[in-house]
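Below, each chain spelled out in residue letters.
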Amino acid sequence: MHAHHSGVLGSRLEGVKVAVLGYPNVGKSSLFNSVVRGSVEVANWPGTTVEVNVGRVTFNGFNFVFFDLPGVYGFTGSSVVERVVESFLLTERPDVALVLVDSTSIERSLSLALQVMELHDNVVLALTKLDVAHGRGVHVNIDGLSKALNVTVVPTSIVWGLGVREVLEAVARASKGRGGRMHIIDYGVLEPYVRELSEELERRGLKYPSPRWASVKLLEGDRVVEEAISKLGFSDVVERARKVREEVSSAFGRDPTAIVAEYRFNMALNLARQYVVRAPTKLRVEGTRLTKLDMLFIDRRTSIVASISLMALLFLTVFTVNTGFPVNIVFELLGLEEVARFIESMSLGGIVGSVIDILSSYIESQLAGGPPWLSSFVVEGIIGGLGAVLLLAPLILIASALVAVLEDSGLLPRVAVGSHRLLCRIGFSGHSVLPVTVCLGCNVAGIITARGVPGYWERLKFYILGALIPCQARLVVLVVLASVIGGLVGALSLLAVYAVSISLLALLSILLDRVTRAGGRPELLLEIPEMHKPIGRVIWWISWFRVKHYLAKAGTIIFLGSIAMWLLLHTTPTLSYTENPEDSIAGALARTLTPLFKPLGVERWEVVLALIAGFVAKEIFLSTVVVATGNPNPVEAIAHLSLGTPTIVTVMVFIALYTPCLATVAVIRSESRNTKVALAAVLLALITAYTIALCIALLGDLIATYW
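Below you will find a few notes about this structure. (Residues numbered from 1 in each chain as written. Predicted model: local features only at pLDDT ≥ 70, side-chain atom pairs only at ≥ 80, totals over all residues. Heavy atoms only, no water.)

### As for the pairing of strand β6 (residues 123–128)
Alright, step 1. Counting buried residues in β6 gives 6 out of 6 residues, a clear majority hidden from the surface.
Alright, step 2. Side-chain alternation along β6 places Val123, Leu125 and Leu127 on one buried face and Val124, Ala126 and Thr128 on a second face that is also buried.
Alright, step 3. Bridge analysis of strand β5 (residues 96–102) against β6 gives 6 bridges, and the strand direction is parallel. Considered in β6, the bridge of Leu100 is made with Ala126. (Buried < 20%, exposed > 50% of the residue type's maximum accessible area, 1.4 Å probe, protein only. Helix = DSSP H or I, 4+ residues; strand = E, 2+ residues; numbered from the N terminus. Pairing = 2+ DSSP bridges.)

Below, the structure written as structure tokens:
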């Protein structure tokens, strides 16, 4: 918390003070009321009839006091309202300034934000009317704009229910980071005069407002600032500024106010040119007839089929390009295994995997004469961990690019409408159709895609439950286990496991809605834009931002987790190196946990060890069984354990339901920005997997007893 200065309105209000500013009709009051949830008091600025709304809210341990200031276009002091807002900033000294910027007119509304950023060292920008902007084909590079201004930029839409919680999170982070740098605008011909005045004010000890900001405002002839600076004992500087204004007007034939406004607007214009793209679209007007494409996704008879078909096409494209799946499976079933292997090797994942294998072989050969543990650690731990991160990067890039194409072109909103009725039955809205589809191939990419779901509760619920959707990695393990069973029973077991997973997703979604009372019928609030050609810059912005975020956040956790898993598998309880998993810490842990799995029919420590290793990545389950049994063929290795059909089915269910991989946990943590959410997802998956597997084991015992 910060010490608060004695102001007029906020002197008796305890908490983090947040000033909410914006142009008239920018959506300020709507966002303010959504943030404070209707807890509003109205106060008048002393000596005026201008109202200032005050709202209090508690969030994550912070007590916020939000001040909804009247809408203004700037701080020229030409009106009572502008003088009130400027006086508030000077006398109340808010901890955070939340400035709203209209997404549909960034060039115009960014000017106010720049003025606030020159004064205040702790600013958060909220882009409003994102739904309207999307409908008009306006796209903003949020990440780029945020970096250019060095402030947090939060996209919001009251219609979509997007951004309210994110605004609170951004304000909370900003309130802990007070003391940053004010934004500096180069005013060109005025710079010598600005420096002269600001150096004088700084030399004489002016701390607040910023000497530079005060100098610019004095050159503009701002009466509020002139009065405030004079009261602080700098009346001679105010007089000097008046003479400088006359010099500037005489030298350049223009008033300094006009010069300042021009430079500020040019900066806003340049930012908009860099980070805003407008697609050529025709806006819908009331009474416009729906196109055939619209009817395809809206008509009850065709909407679900059209939506599922388009998502299936997206799914096939993303995962065929990245991994060869599921086209490789089709060729394997046709007996063309060489073709299947060729498709896998030529996929992006196959190419990256080959490069990693070549690098691993080279490193291994270079370290051949050294200690065995060093070669193993570098190749399996470091290179293997790096490979685990890089193998997912192309998948996320391609998935993000195709999703951006669907969204930018206008197809995605239509798919959301078409699938909404179906997903409503399981507690989700049409917004979740994309994450659900992508999760079938990779939970990591699916969780990242859920960022586009506007509703906070729906998004949070998906973070927790999305991992129940069987991904491609789990499918590989499930297919091997089903092959051990063989025949029709094996095929039916595989289908049954998928049915159980999807059914549990639906059931738990409905239960969470009822228990938390946060559900109700999911709403689909979006604007259907005109179809238009996707814009390359927008596709790149979205794709690169998501890949970069994955590499920086989740990638670090995955890499460190892989190294930690190597240590568990190659270190004995006495802290010596071993190549035998049975002698490792992980092997000892597996034997310790084996009694816990006996009710499931699992009595082999090798299976428990494989389940532990599978937490890093499900494919490791098979390689662990191979190493532990000494049989290079996964099917034969599992068959060698003599588990029996009921036990194999139980293991299949457990594998399908418990946490898919460390990467998924890392992404849930980075996307939700909450460790508790990631832990909740892991615990719920483990409890669900164990409970359902136990029920199936008991059912198997009953069938065996009475059949």
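### Thoughts on helix α8 (residues 211–220)
Alright, step 1. For α8, the buried fraction is high: 10 of the 10 residues fall into the buried class.
Alright, step 2. Listed as buried for α8 are Pro211, Arg212, Trp213, Ala214, Ser215, Val216, Lys217, Leu218, Leu219 and Glu220.
Alright, step 3. Lining the buried residues of α8 we find α2 (80–92), α3 (106–119), α7 (191–203), α9 (223–231), α10 (235–252) and α11 (256–275).
Alright, step 4. Once α8 finishes, Gly221 follows within two positions and takes phi at roughly 75 degrees, a positive value. (Contact = heavy atoms within 4.5 Å.)

### Considerations on the pattern of salt bridges
Alright, step 1. Applying the stated criterion to the full structure yields 24 salt bridges.
Alright, step 2. A salt bridge links Glu169 to Arg165; the shortest N-O distance between them is 3.4 Å. Residue Glu169 and its partner Arg165 are both found in helix α6 (residues 164–175); the two are separated by 4 residues, about one turn of the helix.
Alright, step 3. Residue classification places Glu169 among the buried positions, given a relative accessible area of 13%.
Alright, step 4. A salt bridge links Arg204 to Asp236, with the nearest nitrogen and oxygen atoms 2.6 Å apart. In this pair, Arg204 sits in the loop between α7 and α8 while Asp236 sits in helix α10, placing the two residues 32 residues apart along the sequence. (Salt bridge = Lys/Arg side-chain N within 4 Å of Asp/Glu carboxyl O.)

### Observations regarding unusual backbone geometry
Alright, step 1. The omega torsion across Tyr208 and Pro209 is 0 degrees, close enough to zero to call that bond cis.
Alright, step 2. Here Pro209 is to be found in the loop between α7 and α8.
Alright, step 3. Even without a glycine there, the phi angle at Asn25 is positive, about 65 degrees.
Alright, step 4. Note on placement: Asn25 falls in the loop between β1 (16–21) and α1 (28–36).
Alright, step 5. Taking relative accessible area as the criterion, Asn25 reaches 68% and is therefore assigned exposed.
Alright, step 6. In this structure, Leu575 takes a positive phi of about 70 degrees despite not being glycine.
Alright, step 7. For Leu575, the location among the structural elements is in the loop between α24 (536–570) and α25 (585–597).
Alright, step 8. The exposure class assigned to Leu575 is exposed, which follows from its relative accessible area of 69%.

### Some remarks on the side chain of Arg474
Alright, step 1. Note that Arg474 resides in helix α22 (residues 472–485).
Alright, step 2. Among the polar contacts listed, one links the side chain of Arg474 to the side chain of Asn443, at a separation of 2.4 Å.
Alright, step 3. With sequence-adjacent residues up to four places away left out, Arg474 is seen in contact with Asn443, Ala467, Ile469, Lys618, Ile655, Ala656, Leu657, Tyr658 and Pro660. (Polar contact = N/O pair within 3.5 Å; in protein donor to acceptor, adjacent residues only side chain to side chain.)

### Let's talk about a nonpolar patch on the surface
Alright, step 1. Judged by side-chain polarity, Val321, Leu348, Ile351 and Val355 come together as a nonpolar surface patch covering roughly 300 Å² of accessible area.
Alright, step 2. If one sorts the elements of the nonpolar patch by residue count, helix α16 (residues 348–366) sits on top with 3 residues.
Alright, step 3. Looking at the secondary structure, you find Val355 in helix α16. (Patch = residues over 30% accessible without salt bridge, like charges linked within 9 Å, V, L, I, M, F, W, Y side chains within 5 Å. Areas by Shrake-Rupley, 256 points an atom, 1.4 Å probe, with all protein chains shown as cover.)

### Details of the packing of α3 against α11
Alright, step 1. Interaxial distance between α3 and α11 falls to 9 Å at its minimum, and their mutual angle equals 115 degrees. Read as a crossing pair, α3 and α11 show a hand that is right-handed. Facing Glu107, Leu110, Ser111, Leu114, Gln115 and Glu118 of α3, the residues of α11 in contact are Arg264, Phe265, Met267, Ala268, Leu269, Leu271 and Ala272.
Alright, step 2. A breakdown of the residues in the contact of α3 with α11 according to their chemical character gives 8 nonpolar, 2 polar and 3 charged. (Axes fitted to C-alpha atoms, helices over the stretch in contact; angles between N-to-C directions. Left-handed = near helix turned anticlockwise from the far one by under 90°. Nonpolar A, V, L, I, M, F, W, Y, C, P; charged D, E, K, R; others polar.)

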